[in-house]
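Here are the chains, one letter per residue:
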Amino acid sequence: MKTDFVPITYFAVPLQKQLLENQENIRGKPYEDFFDPNLKIPDSAIQQVTRGPMDRRYVKTPSKSDISAFVKGEDVIQGSGYAMVDEALFYVQSRMLMPGITSEMMRWWFVWHQLEKERYTLWFPQAHIDNKVADPERLADTSLTFEERLYGNTNVAKEFIGPIAQEIAIHFDSPAALGADREILEQNGYYFSTSAWMSLTAAPETCMGLMFHLGRDTSKGFEFITQYWMGSHDELHRFPGGADAAAFLRSVGFETEALENLAFELSIHDLSEYYNLARILPKLYEKFAGN
Ligand code: ZN
């Protein structure tokens with residue numbers, strides 16, 4: 001079945017200005033032709049995330065059993081959605097098919113884009129601001145496996161999620177260490193992962209979020225499944241500083257309403273950047289992967 005893509009036509013003023021700045025910064029880079037602000041996402045996804053929070057029956061917690069259920073496709077909606085898990089934690093999910101993409105291309109992208117901030121802006125020209133990795137030499141070291149280069153090598157991403165800029169520390173780790181069942185991942189063919197626990201740079205040692213990005217190669221393309229949680233929750237206490245998240249979020253006034261708004265904005269952000277990446281990656285890879 002053919003997917004109907006529709007253009008994203010609303011960007012808050014700070015994103016419009018960021019686009020102009022990013023456009024200026026990318027001028028002269030060998031990959032500037034790939035900087036294209038005409039983002040499109042499937043009409044079906046827009047319908048799903050703009051008609052309110054998803055059905056409660058399908059909302060997952062960050063527990064190991066819920067993560068396994070999502071990987072197995074049990075009690076899940078296809079596509080995208082967002083909702084509060086409870087008043088202190090939100091959930092966002094997406095399930096995408098990317099024809100023409102392979103896990104090899106995605107691994108390449110997750111190294112390449114982190115090494116120069118202008119590359120990061122290709123991914124979401126209106127929303128991405130800056131990107132730094134703790135140990136760029138390790139990330140670039142081709143004698144190591146992808147996992148050795150990425151895991152434990154924290155990425156700090158500054159980006160607009162909705163109209164507000166966030167600075168997020170993304171602590172990549174193996175999906176098993178984050179709570180996914182290794183056997184279930186393998187049984188279902190999910191060998192690609194860029195999953196992480198997350199903190200804000202304002203409280204870098206306080207886990208406030210968890211993200212699973214898992215992928216598998218299929219005959220129809222790359223299947224990419226994503227879950228995000230942000231806020232505070234007992235199940236996040238298994239990560240560094242997780243038990244301190246509730247007090248920190250209260251102290252900065254980041255509570256239910258702000259979290260729910262962020263959930264919706266993250267849902268749109270995720271769709272925007274991953275469908276855009278799926279559009280530009282095959283040619284980008286062809287041109288720059290060997291260089
Ligand atoms: Zn982003």
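Keep in mind that what you see is a predicted model, and the values were worked out from it rather than measured.

*Asks:* Sorry if this is basic, but what is going on with the overall build of the protein chain here?
*Replies:* Of regular secondary structure, the protein chain possesses 11 helices and 11 strands. On C-alpha atoms alone, the protein chain measures out to a radius of gyration of 18 Å, which is about the 19 Å that the 2.2 N^0.38 rule sets for 291 residues. Across the 291 residues of the protein chain, 54% fall into the buried class. Taking as baseline every contact in the protein chain between residues at least 6 positions apart, the subset at least 24 positions apart corresponds to 69%. Surface exposure of the protein chain reaches about 13,200 Å², of which carbon and sulfur atoms provide 50%. Side chains of the protein chain give 27 positive and 41 negative charges; the mean places of these two sets differ by 4 Å.

*Asks:* Explain unusual backbone geometry here, please?
*Replies:* Glycine aside, negative phi is the norm for most residues, and most peptide bonds take the trans geometry. The backbone of aspartate 75 shows a phi angle near 50 degrees, a positive value even though the residue is not glycine. Assignment of secondary structure puts aspartate 75 in the loop between α3 (64-72) and β3 (81-86). Among the residues examined, aspartate 75 registers a relative accessible area of 56% and is labelled exposed.

*Asks:* It is not clear to me how the environment of glycine 52 should be interpreted in this structure. Could you clarify?
*Replies:* Mapped onto the elements, glycine 52 comes out in the loop between α2 (43-49) and α3. For the pair formed by glycine 52 and tyrosine 82, sequence separation is 30 residues and the distance between their alpha carbons is 8.1 Å.

*Asks:* Even after reading the chapter, I still don't get the nonpolar core, so can you show me in this structure?
*Replies:* Grouped burial of nonpolar side chains is what soluble globular proteins tend to show. Within the largest apolar cluster, 73 residues are counted, with the highest numbers of intra-cluster contacts made by Phe90, Met106, Trp109, Leu122, Tyr274 and Leu284. Examining the composition of this core, we find that 14 residues originate from one element, helix α11 (residues 256-288), more than from any other. For leucine 122, the residues in contact, after removing those within four places along its chain, are Ile26, Tyr31, Phe34, Phe35, Trp109, Trp112, Asn276, Ile280 and Leu284. Among the nonpolar cores identified, the runner-up in size contains 25 residues, and Phe70, Ala180, Tyr190 and Leu236 belong to it.

*Asks:* Just to check I follow, could you spell out the coordination of the zinc ion for this structure?
*Replies:* Angles at a metal have ideal values that depend on geometry: 109.5 degrees with four tetrahedral donors, 90 or 180 degrees with six octahedral donors. Around the zinc ion, the protein contributes the donor atoms His128 (NE2), Glu159 (OE), His269 (NE2) and Glu273 (OE), at 2.0 to 2.1 Å from the metal centre. Mapped onto the sequence, the donors of the zinc ion take the spacing H-x30-E-x109-H-x3-E. Placement of the pair is histidine 128 in strand β5 (residues 128-133) and histidine 269 in helix α11, with a sequence separation of 141 residues. In this pair, the class of histidine 128 matches that of histidine 269, namely buried.

*Asks:* Could you clarify how one ought to interpret the layout of surface pockets in this entry?
*Replies:* Rolled over the atoms, a probe sized like a water molecule indicates the empty space that remains. There is about 730 Å³ of room inside the largest pocket. Taken together, 26 residues line the largest pocket, and the ones lying closest to its centre are Thr3, Pro42, Met96, Leu97 and Tyr275. When contributions to the lining of the largest pocket are tallied by element, the ones reaching two or more residues are β2 (40-42), α2, β4 (89-98), β11 (221-231) and α11. Considering only residue class, the lining of the largest pocket consists of 14 nonpolar, six polar and six charged. The computed volume of the second largest pocket comes to approximately 350 Å³. The wall of the second largest pocket is formed by 19 residues, among which Ile8, Tyr10, Phe11, Glu265 and Ile268 lie closest to the centre. Residue contributions to the lining of the second largest pocket peak at five residues, all from α11. Taken together, the residues of the lining of the second largest pocket break down into 13 nonpolar, five polar and one charged.

*Asks:* Mind showing me how you'd approach helix α1 (residues 13-26) here?
*Replies:* In an α-helix, one turn spans 3.6 residues; hence positions three or four apart end up facing the same way. With 14 residues, α1 should cover 20 Å at 1.5 Å per step; its first-to-last C-alpha distance of 20 Å lies within 8% of that length. Of the residues making up α1, those classed as buried are Leu15, Gln18, Leu19, Asn22 and Ile26. Considered in projection along α1, the buried side chains sweep an arc of 110 degrees and stay on one side of the axis. Residues Lys17 and Leu20 are exposed on α1 and point more than 90 degrees away from its buried face. In this fold, the buried residues of α1 make contact with α5 (117-123), β5 and β6 (155-161). One or two steps after α1, the chain reaches glycine 28, where phi turns positive at roughly 95 degrees.

*Asks:* Sorry, what's going on with the pairing of β6 here?
*Replies:* Along a regular strand, successive side chains alternate from one face of the sheet to the other. With five of seven residues buried, β6 is to be regarded as a mostly interior element. In this structure, β5 lies alongside β6, joined through five bridges in antiparallel fashion. Bridge pairing links aspartate 130 to lysine 158 in β6. Two elements, β6 and strand β7 (residues 164-172), share seven bridges in a ladder whose sense is antiparallel. When the bridges of β7 are listed, lysine 158 appears paired with glutamate 167.

About the cut-offs
- Residues numbered from 1 in each chain as written.
- Predicted model: local features only at pLDDT ≥ 70, side-chain atom pairs only at ≥ 80, totals over all residues.
- Heavy atoms only, no water.
- Helix = DSSP H or I, 4+ residues; strand = E, 2+ residues; numbered from the N terminus.
- Rg over C-alpha atoms; globule rule 2.2 N^0.38 Å.
- Buried < 20%, exposed > 50% of the residue type's maximum accessible area, 1.4 Å probe, protein only.
- Contact = heavy atoms within 4.5 Å.
- Areas by Shrake-Rupley, 256 points an atom, 1.4 Å probe, with all protein chains shown as cover.
- Lys, Arg positive; Asp, Glu negative; His and termini not counted.
- Charge placed at Lys NZ, Arg CZ, Asp CG, Glu CD.
- Core = buried A, V, L, I, M, F, W, Y, C linked by side-chain atoms within 4.5 Å.
- Donors = N, O, S within 2.8 Å, 3.2 Å for Na, K, Ca; no water.
- 1 Å grid on protein atoms, 1.4 Å probe; cavity = no way out; pocket = protein on both sides within 12 Å on 5 of 7 lines; lining within 4 Å.
- Points joined across faces, edges and corners; volume = space filled by probe spheres on them.
- Nonpolar A, V, L, I, M, F, W, Y, C, P; charged D, E, K, R; others polar.
- Expected span 1.5 Å × (residues − 1).
- Arc of directions from axis to C-beta.
- Pairing = 2+ DSSP bridges.

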